[in-house]
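Examining the three-dimensional arrangement
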Amino acid sequence: MKICCEEKLIIKILFSKKEIVKTDFININYEKFLKISSNHLIIPSIYLNLLNKKKLSYLPKDLAEYFKEIFNANRTRNKLLIKEAKELSTQLNKNNFKHFFIKGIALISLNIYDDIGARMIGDIDFYFEKEKAIKIKSYL
């Protein structure tokens, strides 16, 4: 399977130790770049990586602004989700429902990311005791 130049750039931005240079952005189809980034929910991570490496100016100005807006909205949303997860945990603990968070909310709560805006989260996922599923469902 051949990787397109937009995917190669995304991989370099997110994972490579090699320096990102202006020529990496030549021949990039920015509509395709945006579509791939959006489909994989990595716009905030791309934005933060380019910002931290002081390479954000390599993107077209309007795209950089759009990525910034997505990142800021995502950070705000994640702050709310963290607050909701803490409240959910408090309520579950009060009712002796053993549980633990998984996936995005767990990683953000554990400070895995440099910035909570880097990870997109769609919901709050958690595990609980199977035999208490009906009670938890009715409680929630």
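Here the residue numbering is sequential within each chain, running from 1 through the sequence in written order. Given that the model is predicted, a residue must reach a pLDDT of at least 70 before its local features are reported, and side-chain atom pairs must reach 80 or more before they are shown or counted; all residues, however, enter totals for whole chains, interfaces and linings. The basis for the side-chain values is all heavy atoms of the structure; hydrogens and waters are excluded.

Helix 2 (residues 30-39) packs onto helix 1 (residues 5-15) with a crossing angle of 55° between their chain directions and a minimal axis gap of 9 Å. Taken together, helix 1 and helix 2 sit at an angle that is classed as oblique. For the pair helix 1 and helix 2, the crossing hand works out as right-handed. Along its contact with helix 1, which presents Glu6, Glu7, Leu9, Ile10 and Ile13, the element helix 2 presents Lys32, Phe33, Ile36 and Ser37. The class makeup of the residues in the contact of helix 1 with helix 2 is five nonpolar, one polar and three charged. For helices, the fitted axis covers only the stretch in contact; all axes are lines through C-alpha atoms, and the angles between them, taken along N-to-C directions, range from 0 to 180 degrees. We count a stretch as a helix when DSSP gives it H or I for four or more residues in a row; a strand needs E for two or more, and each element gets its number in order from the N terminus. An angle below 35 degrees is treated as roughly parallel, one above 145 as roughly antiparallel, one from 65 to 115 as roughly perpendicular, and anything else as oblique. By convention the crossing between two helices is left-handed if the near helix lies anticlockwise of the far one by an angle smaller than a right angle, and right-handed if it lies clockwise. The contact definition used throughout considers only heavy atoms, calling two residues in contact when any of these lie within 4.5 Å. Three classes are used, and their members are as follows: Ala, Val, Leu, Ile, Met, Phe, Trp, Tyr, Cys and Pro are nonpolar, Asp, Glu, Lys and Arg are charged, and the others, Gly among them, are polar.

What follows deals with the side chain of Ser37. Within the fold, Ser37 resides in helix 2. Relative accessibility thresholds used throughout: buried, under 20% of the residue-type maximum; exposed, over 50%; partly exposed, between the two (1.4 Å probe, protein chains only). Overall, Ser37 belongs to the buried group, its relative accessible area being 0%. Aside from chain neighbours lying at most four places away, what touches Ser37 is Ile10, Ile42, Ile43, Ile46 and Phe67.

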